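Notes for the structure review
Okay, here's what each chain looks like letter by letter:
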Amino acid sequence: METRAHHVLIGLFTVVVVAAALLFALWLTKSSSDRQFSYYEVVFNEAVSGLSVGSAVQYNGIKVGDVTQLKLDATDPRKVLARIRLGGDTPVREDTHARLALTGVTGLAVIQLSGGSPQSPPLQSKDGNPPVIIADRSPLSRILANGEDLVVNINEVVARASELLSRDNLDHISRTLDHLDQATGAVADQREDIRQLLQQLAQASRQANETLAQTDQLVRHANGLVDNQGRATLDSARNAMASLERATAHIDQLLSDNHAALNGSMQGLGEVGPAVRELRDAAGSLRGITRRLEENPSGYLLGRDRNKEFVP
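Everything numeric in this text was worked out from a predicted model, so none of it was measured. (Residues numbered from 1 in each chain as written. Predicted model: local features only at pLDDT ≥ 70, side-chain atom pairs only at ≥ 80, totals over all residues. Heavy atoms only, no water.)

**Brief notes about the UniProt feature "coiled-coil region" (unreviewed entry) in the protein chain**
In plain terms, the rule: UniProt positions are given in the numbering used here, feature names are shortened, and annotations may be inferred rather than shown by experiment. In this text, helices come from DSSP runs of H or I with a minimum length of four residues, and strands from runs of E with a minimum of two, each type numbered from the N-terminal end.
Within this numbering scheme, the UniProt entry marks residues 180–218 as carrying the feature "coiled-coil region" (unreviewed entry). Along residues 180–218, the helical share is 97% and the strand share 0%, with 51 Å between the first and last C-alpha atoms.

**What to know about the sheet that holds strand E1 (residues 37–44)**
Strands in a sheet are paired, the pairing made by backbone hydrogen bonds, and the direction either parallel or antiparallel. So the rule is basically this: Each pair of strands is called paired provided DSSP finds at least two bridges between the two strands. Angles shown run from 0 to 180 degrees and are taken between the N-to-C directions of axes, each axis being a line fitted to C-alpha atoms and, for helices, limited to the stretch in contact.
Spatial strand order, E5-E6-E2-E3-E4-E1-E7: seven strands in an open sheet with mixed pairing. Each edge of the open sheet carries a strand with a single partner, namely strand E5 (96–102) and strand E7 (132–134). The mean angle between the axes of side-by-side strands here comes to 30°, regardless of whether they run parallel or antiparallel. Pairing between strand E2 (residues 56–59) and strand E3 (residues 62–72): four bridges, direction antiparallel. Pairing of Tyr 59 across the sheet is with Ile 62, part of E3.

**Observations concerning the side chain of Asp 73**
Keep this limit in mind: Two N or O atoms form a polar contact when they lie within 3.5 Å of each other; inside protein one atom must be a possible hydrogen donor and the other a possible acceptor, and for residues adjacent in sequence the pair counts only when both atoms belong to side chains. The contact definition used throughout considers only heavy atoms, calling two residues in contact when any of these lie within 4.5 Å.
Structurally, the position occupied by Asp 73 is in the loop between E3 and strand E4 (80–87). Separated by 3.1 Å, the side chains of Asp 73 and Thr 75 make a polar contact. Setting aside chain neighbours within four positions, we find Asp 73 in contact with Lys 79 and Leu 81.

**Description of a nonpolar patch on the surface**
Rule in force here: Here the term patch refers to residues with relative accessible area over 30% and no salt bridge, with like charges joined within 9 Å and nonpolar side chains (Val, Leu, Ile, Met, Phe, Trp, Tyr) within 5 Å. Under the convention used here, a 1.4 Å probe and the Shrake-Rupley method define accessible areas, while residue burial counts only the protein chains that appear. Any carboxyl oxygen of Asp or Glu within 4 Å of a side-chain nitrogen of Lys or Arg constitutes a salt bridge here. Burial here depends on accessible area, computed with a 1.4 Å probe over protein chains only, as a share of the maximum for the residue type. Under 20% is buried, over 50% is exposed, and the range in between is partly exposed.
On the surface, Leu 164, Leu 165, Leu 170, Ile 173, Leu 177 and Leu 180 cluster together into a nonpolar patch covering about 580 Å² of accessible area. With four residues, helix H4 (residues 167–189) is the largest single contributor of residues to the nonpolar patch. For Ile 173, the location among the structural elements is in helix H4. You can call Ile 173 partly exposed: its relative accessible area is 44%.

**Things to note about the side chain of Gln 112**
Within the fold, Gln 112 resides in strand E6 (residues 109–115). Reaching out from Gln 112, the side chain makes a polar contact with the side chain of Gln 58 at a distance of 3.3 Å. In contact with Gln 112, not counting residues within four places along its chain, are Gln 58, Tyr 59, Asn 60, Gly 61, His 97, Ala 98, Arg 99 and Ala 101.

**A look at the environment of Ser 117**
Counting through the fold element by element, Ser 117 comes out in the loop between E6 and E7. A C-alpha to C-alpha distance of 9.6 Å links Ser 117 and Val 92, two positions 25 residues apart in sequence. When neighbours within four sequence positions are excluded, Ser 117 is seen to be in contact with Arg 93 and Asp 95. Separated by 2.8 Å, the side chains of Ser 117 and Asp 95 make a polar contact.

**Some words on the packing of aromatic side chains**
For the record, the criterion: Put simply, two rings from Phe, Tyr or Trp (the six-membered ring, in Trp's case) pair if the centres are within 6.5 Å, and we call them stacked under 30 degrees between planes, edge-to-face over 60, tilted for the rest. Charge over a ring is defined by NZ of Lys or CZ of Arg lying within 6 Å of the ring centre and within 35 degrees of the ring normal.
According to the stated counting rule, one finds zero aromatic pairs in the structure shown. Looking at Arg 85, its charged tip hangs above the ring of Phe 37, at a distance of 4.8 Å from the centre.

**A look at the environment of Ile 134**
Checked against the element boundaries, Ile 134 lands in strand E7. Ile 134 sits 53 residues away from Leu 81 along the chain, and the two C-alpha atoms are 9.8 Å apart. Apart from residues lying up to four places away in sequence, Ile 134 is in contact with Val 43, Asn 45 and Ala 98.

**Points about the pairing of E4**
When you tally the buried positions in E4, you get six out of eight residues, the bulk of the element. Note that E3 and E4 share seven bridges and pair antiparallel. Across the sheet, the residue bridging to Gln 69 is Arg 83, located in E4.

The following block contains the structure:
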């Protein structure tokens, strides 16, 4: 009996030692895994359609972890809490951003991390819970939320395209193309006449340019004539007027000096009167010439007077 009891104790001791060794190994494994991974909580203020437990977590397109838990916020069911597990060497900073995204090939939803400047401190927990990252609103969620409206708009576009490509419209388009082909054919047949017309237009344009050049030259000559000869004529007229004024003053002085003799001799008065009238007529003519030169020098010199305006 004692031998049998010793065997039972030895077997029990062996079982206990093996169980303790297994528990110790599990503890070491858990401690090692805890040191190799970091846990974070991403808060979404929108629907996370397509995201599930086990979905990948990427940092600038590189997979750095996965989603371990998805649940609604107990205090605000509009928010979705996603527990993610990242590699211990993942540099998550306080300015790191998160958003929902689609992978390029498979189209599965993933959590995309981005940002994180070197100057920003590492994101750490302050109350013992996993650090929190507030996710940005994703274009993917907006597309999924407005998917129904998008499908309706696509259906309307398809319906309108079907109406546009109806049999009647296709017939109209075919006839229009036929008419266009006929028009282009007619233009092609008349291309020689069109070429001649273009040549004539070019020649007419050259002639018009030459005419304009000649007209400009004529105007310059006319301006030179008016500026040179007209100015000389005006100067001559002014000199004549000055001489006439001096002669008139001299005659007035002469009349004043010989006033007594003229009163005594009617014959002398009769001879002086016609001379005075002729001098006055000459002064009036010079004034008329001067006025016409001032009003229209080119017309007077070239023999073209201005047309008098009719005054009712």
